[in-house]
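# A look at the structure
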2 protein chains.
Amino acid sequence: MADKFISMRNLKFLLYDVFEIEELTRASYFNEHNRKSCDLILDAALKLGTKLLHPVFEEMDRIPPELKDGTVKVHPKVGTILKEFGENGWISASFPYEGGGDQLPMIVYNACNMIFSASNYSGSIYAGLSAGSVNLILSFGNQDLKTAFTEKMISGKWQGTMALTEPHAGSSLADITTTAFPTDAGHYLLQGQKIFISAGDHSGAENVVHLVLAKIEGAPKGSKGISLFVVPKRRIKANGSLEPNDVVVTQIFHKLGYRGAPITELSFGEKKDCHAYLVGELHKGLSYMFQMMNEARIGVGLGAASIASAAYYAALDYAQNRLQGRKLDNKDPQTPQIPIIEHPDVKRMLLFQRSVVEGAISLLLQCSRYEDMQKISDEKDKERYHLLLDLLTPVAKTFPSEMGILSTSMAIQCFGGYGYCEDFPVEQHFRDMRIHPIHEGTTGIQAMDLLGRKVIMKNGKAFFLYLEEIRNLIKQAALFPALQPLCDCLENALKTLEQVTGHLTALAMEKGAEIFLADAALYLEMFGIITISWQWLLQAVAIQQNSRENTSRAESQFIEGKLFTCRYYFAYELPKIEALAKRLMDNDPMTVSMDSLFFED
Amino acid sequence: MADKFISMRNLKFLLYDVFEIEELTRASYFNEHNRKSCDLILDAALKLGTKLLHPVFEEMDRIPPELKDGTVKVHPKVGTILKEFGENGWISASFPYEGGGDQLPMIVYNACNMIFSASNYSGSIYAGLSAGSVNLILSFGNQDLKTAFTEKMISGKWQGTMALTEPHAGSSLADITTTAFPTDAGHYLLQGQKIFISAGDHSGAENVVHLVLAKIEGAPKGSKGISLFVVPKRRIKANGSLEPNDVVVTQIFHKLGYRGAPITELSFGEKKDCHAYLVGELHKGLSYMFQMMNEARIGVGLGAASIASAAYYAALDYAQNRLQGRKLDNKDPQTPQIPIIEHPDVKRMLLFQRSVVEGAISLLLQCSRYEDMQKISDEKDKERYHLLLDLLTPVAKTFPSEMGILSTSMAIQCFGGYGYCEDFPVEQHFRDMRIHPIHEGTTGIQAMDLLGRKVIMKNGKAFFLYLEEIRNLIKQAALFPALQPLCDCLENALKTLEQVTGHLTALAMEKGAEIFLADAALYLEMFGIITISWQWLLQAVAIQQNSRENTSRAESQFIEGKLFTCRYYFAYELPKIEALAKRLMDNDPMTVSMDSLFFED
């Protein structure tokens, strides 16, 4: 089937068989939902993706946004998409009832978001950005802000954004200089410049509401002096009408991919007339923003996994239909050529992609499940799920993003020369993918977050919970003889992880943060590979537990495919941790000791 | 220094200190050249790259070729470039004197080609394609063909191409259907279609001369029935003027990158009036073409290494100048931000790129040296160098191409968000790179060539020579205590390689070709990593052998940088062979046994 971009069978397998959402929907918070209603929601999402988003996937790339007379013109369908998402309740679906939402479990909501992102990544981000911004206002804003802004944003009429980065403050957010000056009227006057603001302005929305990090005049230096503001493009007058708020788009960035979304540079307060409204308390902006950022990081992983999914299904379709070559033991050129999927090397490339895509999707839903479980658990369990989610967030952001580059690249490779051409969608997926290891915190930042913060927080509590989760699974898996070899591999991998982690934390004491974190990116890579192995074993266990006699042919193909992909991951990918562990243990901090002048010649 | 795209210091280090070309130029074949003349040639190449090619690097991408009224309009500078290359003798530089060349050693010629490719990959390919085509005519064509075509091609007035691929015959060349019908007049009439023909037509050349694979009517099926033809776009009339030869450009491909060069679809003989001239003997076309193809494969590796070089220097420049963040032990936000090169993670990303770039360049020059040595050796040594070159060709093609994707991706990562934008050149390098694992034989094809043909040919003779080369080096290296740990690592790697190779060749006997070659791509990857480790140790030995007291500061920075990069490669990259070896030895041919229906769901 051409134009398949995601497997609904796989999503339902994960939701129902692996993560058993019916367990969630028995809790009172979620009890208006059930498997049947979730099925309907997933089908509605697929319909929206197929009918509205996917048809303009290519066009939004080929006709990118343009800055004209101060306004960002986007593809005409962007307005339709945003409104459709609003009117059908997609922006607020996971919010609590009192925030205008449906209390949809995040795991279902994020499965839907995967469908949207896989159908057209650029097209899917508008609603997602609004949802994140509204969530921040609902969580930390006062009633006035809620009343003034959230309804329009939820409806899809207004666009929400998050505005953090500045020209000289990207990874180093502590160095932002955008300044808010207090006024007697209660609002602040904002001055400064922000860059790389996704959907920072566009012709598809009546207004844009920026959630902006800035420093109030005289605030402490560094990250402790950062506050959060709501800054609309057009502010609301007393009579309810809108007037310009001195926010100007100074340029849009021309990018490798992700071209259907305008990434803007914004200037606030050039005429000293930009009103900004404080969210929550003074100087707490960064901690508030981190709520959104953590969601956004999961969102980035989700986008990456979804793009990789779309590329994989394009490659699979091509491999099933493209005839080229013959079996190696057939030397007769008179016999017809065979579909390239019959070549083991092509099968290997497809298995790689599938293992990345379905492994990453599983991890993202695992994280969503932890988020849901927090909402329905007692204090002790709440902390458990919170810690696990916190620990896994940099992994769920990074693994799909980094491996997605390789996976979409492999999709191109399956197409041969055609993959390099614009006639097929894979080159666009490859381009759309490349932003993900960068935005919402680069891989380097995620790595320091994982090793320098998450693994060691609370004396390693989250890390030990993580080991416990996996070891509990291994115990279950060991009941099935077929899974025993995988259990052994994973247990060995955990031992390696413990050993490396112990070595590094000792190093931290002995040699300080610089050497401790020098190879954090390798640690994150190792952690990611092990985490995905866990997710694959989890899927294999679910298959064993649900195995029935007399399954349909389609069903048994799906099951066999899953088990082969799981075995592929353990045989081809998991062994890669050894090289990483070797380097992480070898005590030669060359990237710290090397003088940067040695790059000169 | 901005706009640096290659290190001349490194090229000269490799040419003079590592590969000691003065040893070559003592041989009578090369004795009109010497170190001084080579320096002049390299400087001339740098000047051409800097003044002519590099200024239009971006523009040739932004204003890609267009098919208009049957003609391919290219950037106006393409004609200038091709003529400049012709007039200054670059197209024929490595040819023998009797072919109109200068007998320049390939190692110097290819060092120049790296300068050109790094300055502007698309711009550099026109002359290279002509050189390859002329070489084929000189090697296998009769005097009439030589007289008619080579002079104009060497002068840069006419473009040469190689036309192999057809819509349904890419990797499977045996399946081409383009047909040549004999005529009484001596020429053939050609009919058929070719795709993905680089520079297959363009406004910068007066004529285009295609070297075309086709089957003579009634020829044997499969690859044994393939002949080689010269097919000009415009044929030469008796009076010396040109007339159309029924060759039509039916489309140009719109591509991810490599946009400065038109990749065309050609239709031959739509009016049954396309004259084709047989090169050499009937049915020997494929073996002739392989001469060009082997050169072209080295050329692809060279292009990839060069693009990675340009991306690396862009990233290095940015990392040296971009201020962001502070040392981890400095918590004071009042202190100024530091250049990002001071962060260990950034240094690691730069070391990765440098190790790939300089490792790959070294390997490519090693191959060029073998080519040169063939020309000046007695029969026994000639065979030795021939076998080594043959064995290493798939590695020299693939390692730079595959690792170049990661290396240019890492360059983007060094830039953060800016790397994703068109304002900087790295996104173009990333796009230009992606074709290399595909054209001139995909990585899958190279892998089967290495394991299924080269390693086992002549009972493993080439493979044993390869081991001998490396072990000879290890012996030399062991004289320097500082290199002892690297010697041990490399010796262990060779043992692993021997073990895996033994295992696989036994498997071939026992289980047949399909299982033997199922993971050939992993074998090639492992082979590549070990080969590059060899090249790094070779460089380290050259440094030790040439070490002097009282070197200049610049010189000692270069030396220290080389040694750190060598250590980086051994510590971070070489250990990756273990995972590959583990998989190659594990006896579970899952990509052979998996039914392709298991990808359905």
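Residues numbered from 1 in each chain as written. Chains lettered and ligands numbered in written order. Predicted model: local features only at pLDDT ≥ 70, side-chain atom pairs only at ≥ 80, totals over all residues.

### Remarks on the overall build of chain A
- Within chain A, the secondary structure is distributed over 20 helices and twelve strands.
- In terms of C-alpha radius of gyration, chain A reaches 25 Å, essentially the compact-globule figure of 25 Å for 601 residues.
- With the principal axes as the frame, chain A shows a C-alpha extent of 80 × 65 × 60 Å.
- Each of the 601 residues in chain A was classed as buried or not, and the buried ones make up 59%.
- For chain A, long-range pairs separated by at least 24 residues make up 76% of all intrachain contacts whose partners lie at least 6 apart in sequence. (Helix = DSSP H or I, 4+ residues; strand = E, 2+ residues; numbered from the N terminus. Rg over C-alpha atoms; globule rule 2.2 N^0.38 Å. Buried ≥ 20, exposed ≤ 12 C-beta atoms within 10 Å, placed from the backbone. Contact = placed C-beta atoms within 7 Å.)

### Thoughts on the relation of the copies chain B and chain A
- Rotating chain B by 180° and translating it 0.0 Å along the rotation axis places it on chain A, where the RMSD comes to 0.0 Å. With respect to symmetry, the two chain copies, as superposed, fit the operation of a two-fold axis. Rotation axis and chain B: the residue whose C-alpha lies nearest the axis is B:Lys576, separated from it by 3.4 Å.
- Taken as a fraction of all interface residues of chain B, those also at the interface in chain A reach 99%, which identifies the copy contact as same-surface. (Least-squares fit on C-alpha atoms with pLDDT ≥ 70 in both.)

### Considerations on the interface of chain B and chain A
- Tallying the contact residues gives 86 residues for chain B and 85 residues for chain A.
- Elements supplying a minimum of two residues to the side of chain B that touches chain A: α1 (8-18), α10 (344-376), α11 (379-415), α13 (443-454), α16 (513-516), α18 (553-573), α19 (577-584) and α20 (590-593) of chain B.
- For the side of chain B that touches chain A, the leading source of residues is α18(B), giving ten residues.
- For the side of chain B that touches chain A, the class distribution of residues is 37 nonpolar, 25 polar and 24 charged. (Nonpolar A, V, L, I, M, F, W, Y, C, P; charged D, E, K, R; others polar.)

### Regarding unusual backbone geometry
- Of note, the phi angle at A:Asn587 is positive, near 60°, even though the residue is not glycine.
- Among the structural elements, A:Asn587 can be located in the loop between α19 (577-584) and α20 (590-593).
- A residue is classified by how many C-beta atoms lie within 10 Å of it, and A:Asn587, with 9 of them, is exposed.
- Phi angles above zero are rare outside glycine, and B:Lys272 is one such case at about 55°.
- Secondary-structure assignment places B:Lys272 in the loop between β11 (263-268) and β12 (275-279).
- Of the residues examined, B:Lys272 has 10 C-beta atoms within 10 Å and is grouped as exposed.

### Some remarks on the pairing of strand β7 (residues 226-232) of chain A
All names here are of chain A.
- Among the seven residues in β7, seven count as buried, and that is most of the element.
- Sheet analysis places strand β6 (residues 207-216) next to β7, joined by seven bridges and oriented antiparallel. In the sheet register, Ala214 faces β7, and the bridge partner there is Ser227.
- With three bridges joining them, β7 and strand β12 (residues 275-279) adopt antiparallel strand pairing. Within the sheet, the bridge partner assigned to Phe229 lies in β12 and is Leu278. (Pairing = 2+ DSSP bridges.)

### Here's the deal with the pairing of strand β6 (residues 207-216) of chain B
Residue and element names in this part refer to chain B.
- With nine of ten residues buried, β6 lies mostly within the body of the structure.
- Where strand β3 (residues 158-163) and β6 come together, six bridges link them in parallel fashion. What sits directly across from Thr161, in β6, is His210.
- Two elements, strand β4 (residues 179-182) and β6, share two bridges in a ladder whose sense is parallel. In the sheet register, Ala180 faces β6, and the bridge partner there is Ile216.

### Section: helix α9 (residues 285-321) of chain B
All names here are of chain B.
- Taking 1.5 Å per residue, 37 residues should reach 54 Å; α9 reaches 53 Å between its end C-alpha atoms and fits that length.
- At Gln291, α9 is bent by approximately 30°, the largest bend along its length.
- Within α9, 30 of the 37 residues are buried, which leaves it mostly tucked inside the rest of the structure. (Expected span 1.5 Å × (residues − 1). Bend = angle between axes of the 7 residues up to and from the residue.)

### Considerations on the nonpolar core
- Counting residues in each nonpolar core, the largest one holds 431 residues, and the members touching the most others are A:Phe229, A:Ala315, A:Tyr523, A:Met526, B:Phe229, B:Ala315 and B:Tyr523.
- Apart from the residues lying within four places of it in its own chain, the contact partners of B:Phe229 are B:Ala180, B:Tyr188, B:Leu190, B:Val212, B:Ala214, B:Ala276, B:Tyr277, B:Leu278 and B:Val279. (Core = buried A, V, L, I, M, F, W, Y, C linked by C-beta atoms within 7 Å.)

### So, helix α12 (residues 426-433) of chain A
Residues and elements named next belong to chain A.
- Along α12, eight of the eight residues are buried, which leaves the element largely enclosed by surrounding structure.
- Within α12, the full set of buried residues consists of Val426, Glu427, Gln428, His429, Phe430, Arg431, Asp432 and Met433.
- On its buried face, α12 sits against α4 (57-62), α7 (121-140), α9 (285-321) and α11 (379-415).

### Quick word on the packing of helix α3 (residues 35-53) of chain B against helix α6 (residues 106-119) of chain B
All names here are of chain B.
- Two elements in contact, α3 and α6, have axes whose closest approach is 9 Å; the angle formed by their N-to-C orientations is 15°. For the element pair α3 / α6, the angle class is roughly parallel. For the crossing formed where α3 meets α6, the hand is right-handed. Contacts between α3 and α6 pair Cys38, Ile41, Leu42, Ala45, Leu46, Gly49, Thr50 and Leu53 from the former with Val108, Ala111, Cys112, Ile115, Phe116 and Ser119 from the latter.
- Considering only residue class, the contact of α3 with α6 consists of eleven nonpolar, three polar and no charged. (Axes fitted to C-alpha atoms, helices over the stretch in contact; angles between N-to-C directions. Parallel < 35°, antiparallel > 145°, perpendicular 65-115°, else oblique. Left-handed = near helix turned anticlockwise from the far one by under 90°.)

### Description of the environment of B:Ala310
Residues and elements named next belong to chain B.
- Tracing the sequence through the fold places Ala310 in helix α9.
- Take Ala310: there are 28 C-beta atoms within 10 Å of it, and that puts it in the buried class.
- As for Ala310 and Pro425, which are separated by 115 residues in sequence, their C-alpha atoms are 8.8 Å apart.

### Brief notes about the packing of α9(B) against α11(B)
Residue and element names in this part refer to chain B.
- Remark: α9 packs on α11, axes separated minimally by 8 Å, with the N-to-C direction vectors making an angle of 20°. Classified by the interaxial angle, the pair formed by α9 and α11 is roughly parallel. Regarding α9 and α11, the two cross each other, and that crossing is left-handed.
- Tallied by class, residues from the contact of α9 with α11 come to 17 nonpolar, seven polar and two charged.

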